[in-house]
Amino acid sequence: MTINNPLKRKEDQSLGSYTWILIFRIIGSVMFVAAVFKTVVTMFWIGKETVPMNRFEIGFAVVGFVLAWAGKNLGELANGIGKKIIDKFF
């Protein structure tokens, strides 16, 4: 059984598409961690009051999770849009 490296660029994938995929995954991961960090930290520190997540943080975490999870599709979409814009104007 082989384990695929999610950060390794595939041979049939352009550098632009790969870059967009990484950008979406990094932004999504940072958004998700930023949203849940305060709540998770207060859960594990003894003597600290647990801070619940508000609606904004929950929404931020959901958007971040979707961006990180669907990064491949969104990255390929952004690359395709960029190609069409370049082909049309240049």
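Q: Looking at this structure, how should I read the side chain of glutamate 57?
A: Checked against the element boundaries, glutamate 57 lands in helix H2 (residues 55-69). Given a relative accessible area of 14%, glutamate 57 falls into the buried group. Within the local environment of glutamate 57, its side chain forms a polar contact with the side chain of lysine 38, the two groups lying 3.1 Å apart. Setting aside anything within four residues of it in sequence, one finds glutamate 57 in contact with Ala35, Lys38 and Pro52.

Q: Explain the pattern of salt bridges here, please?
A: Throughout the structure, instances matching the rule amount to 2 salt bridges. Across the salt bridge formed by glutamate 57 and lysine 38, the nearest N and O atoms sit 3.1 Å from each other. Taken as a pair, glutamate 57 in helix H2 and lysine 38 in helix H1 (residues 15-44) lie far apart in primary sequence, 19 residues in all. Classification of lysine 38 as partly exposed rests on a relative accessible area of 38%.

Q: Could you clarify how one ought to interpret the side chain of asparagine 79 in this entry?
A: In this structure, asparagine 79 sits in helix H3 (residues 71-89). For asparagine 79, a relative accessible area of 12% puts it in the buried group. Apart from the residues within four sequence positions on either side, asparagine 79 is in contact with Ser14, Gly16, Ser17 and Trp20.

Q: Sorry if this is basic, but what is going on with H1 here?
A: Think of an α-helix as 3.6 residues a turn; residues three or four steps apart then line up on the same face. The first and last C-alpha atoms of H1 sit 41 Å apart over 30 residues, in line with the 44 Å expected at 1.5 Å per residue. At phenylalanine 37, H1 shows its strongest bend, of approximately 45°. If you check which residues of H1 are buried, you get Ser17, Tyr18, Ile21, Gly28, Met31, Ala35, Val36, Thr39 and Thr42. Close packing links the buried residues of H1 with H2 and H3.

Cut-offs applied
- Residues numbered from 1 in each chain as written.
- Predicted model: local features only at pLDDT ≥ 70, side-chain atom pairs only at ≥ 80, totals over all residues.
- Heavy atoms only, no water.
- Helix = DSSP H or I, 4+ residues; strand = E, 2+ residues; numbered from the N terminus.
- Buried < 20%, exposed > 50% of the residue type's maximum accessible area, 1.4 Å probe, protein only.
- Polar contact = N/O pair within 3.5 Å; in protein donor to acceptor, adjacent residues only side chain to side chain.
- Contact = heavy atoms within 4.5 Å.
- Salt bridge = Lys/Arg side-chain N within 4 Å of Asp/Glu carboxyl O.
- Expected span 1.5 Å × (residues − 1).
- Bend = angle between axes of the 7 residues up to and from the residue.

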